[in-house]
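Structure at a glance
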Amino acid sequence: MARPVDARLIVEGELVCLTPVRVGGMHAELGVDLGLAENGRGEWYIPGTSLAGLARRVTGEAYGEKIANALWGSAGAEGGRASLASVADAVVKRPPNAIPELRDGVAIDRFSGAAAHGVKYDQLVLPRGSRIPFYLEVELAAQDGIDARTLEEATGHLVQALAADDGVRLGAGKTRGLGRVRLDRESLRVRRQDLSSREGILEVLEL
C-alpha cells in the first residue's frame, strides 16, 4: 500500500575532504592492495550506500534507533521497512593536479589485538581537498508512529551536523585520522516540495 507523503526535502551540496578519505573498491590496482571505488566509467566515486550509512549514523546518535529506522529503513523478521530517504552516488572531484595518496597498514589479529604476523597492505586514499557531491531526498511521511515534522527536524539536524566546523567521519580508517568531511555551506541548497496540495504538485511537475 502506498504511503501518503506530505512533502519532500531535497538537500544538495558538496562534502569537502578535510583529511584524506578511504572508500575502497572491489578490485586492487597495479601495485596496490586496496584501490578506490570506481564506477562503470572508471571514475572514482563514493557509493550512495556509504553516504547513507554516514547519515544514518548521525541520525541515530542524535535521535535514537527508532527515528533512524523510520527515516532510513530497517530490516526485520516481517520484511523490514523501506527507507524514506535516498542518497545518490557521487563522482569525486579532485583538487587540481592532485593524485591519490598511498598509505600502508597492517591487519590486526582479532584474538591478540596486535598486528597480525606477515599481513601488511598498501591502500589508496582520496587526497585532502577532494569534493564529494551530496544529493539527498527525503519523503516526509508519518512512519511507525513518528510524525513527519519529527522526521523533518531530524533531517535538519543531519544537515547541521554535516556542515559543522569539525565535520563528520566517512569511510574506513577513522581511528587513524582519515575520513573527516564537511558539507560546504556555500554549496548548500535545501528545497521543500509540497506534495499535499494540487498547487504544490503542479509546481513540482513544472520544475
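Quick notes on the rules
Residues numbered from 1 in each chain as written. Predicted model: local features only at pLDDT ≥ 70, side-chain atom pairs only at ≥ 80, totals over all residues. Heavy atoms only, no water. Helix = DSSP H or I, 4+ residues; strand = E, 2+ residues; numbered from the N terminus. Buried < 20%, exposed > 50% of the residue type's maximum accessible area, 1.4 Å probe, protein only. Polar contact = N/O pair within 3.5 Å; in protein donor to acceptor, adjacent residues only side chain to side chain. Salt bridge = Lys/Arg side-chain N within 4 Å of Asp/Glu carboxyl O. Pairing = 2+ DSSP bridges. Contact = heavy atoms within 4.5 Å. Core = buried A, V, L, I, M, F, W, Y, C linked by side-chain atoms within 4.5 Å.

1. Some remarks on the overall build of the chain
- Along the chain, the regular secondary structure elements total four helices and ten strands.
- What you see in the chain, going N to C, is helices and strands ordered as β-β-α-α-β-β-β-β-β-α-β-β-β-α.
- Here the chain holds 207 residues, and the buried ones make up 38% of them.

2. Some words on the side chain of T19
- Residue position: T19 is located in the loop between β1 (7-17) and β2 (45-46).
- For T19, a relative accessible area of 17% puts it in the buried group.
- Engagement of the side chain of T19 in a polar contact is seen with the backbone nitrogen of R180, the distance being 3.0 Å.

3. Some remarks on the pattern of salt bridges
- Going through the model one piece at a time under the given rule, you end up with ten salt bridges.
- Residue R192 is joined to E152 by a salt bridge in which the shortest nitrogen-to-oxygen separation is 3.0 Å. Here the residue R192 occupies a position in strand β10 (residues 189-194), and E152 occupies one in helix α3 (residues 148-163), the gap between them amounting to 40 residues.

4. Considering the pairing of β1
- Most of β1 sits inside the fold, with nine of its eleven residues counted as buried.
- Here ten bridges tie β1 to strand β7 (residues 131-140), and the two strands are oriented antiparallel to one another. Residue pairing for β7: I10 is matched across the bridge by E137.
- Here β1 pairs with β10 via six bridges, running antiparallel. Looking across to β10, one finds that R8 is bridged to Q193.
- Note that β1 and strand β9 (residues 180-183) share three bridges and pair antiparallel. The residue of β9 that forms the bridge with L15 is L183.

5. What about the pairing of β9?
- Along β9, the buried face is formed by V181 and L183; none of R180 and R182, which line the opposite face, is buried.
- Taken together, the two bridges between strand β8 (residues 168-169) and β9 define a ladder with antiparallel strand orientation. Among the inter-strand pairings, V168 is bridged to a residue of β9, identified as V181.

6. Concerning the environment of V92
- Assignment of secondary structure puts V92 in the loop between β4 (90-91) and β5 (101-108).
- Its relative accessible area of 12% is what places V92 among the buried residues.
- Along the sequence, V92 and E14 sit 78 residues apart, while their C-alpha atoms lie 9.9 Å from each other.
- Discounting residues that sit within four places of it in the chain, V92 has contacts with W44, Y45, I46, L126, S130 and R131.

7. Side note on the nonpolar core
- I46, L51, W72, F134, L136, L151 and L170 are the most contacted members of the largest nonpolar core, which has 45 residues in total.
- Of all the elements in the fold, those that place two or more residues in this core are β1, α1 (48-63), α2 (65-72), β3 (85-87), β7, α3 and β9.
- Considering each element in turn, this core owes the most residues, eight residues, to α3.
- Every residue in contact with I46, bar those within four places of it in the chain, is listed here: V23, L51, D89, A90, V92, L126, I132 and L170.

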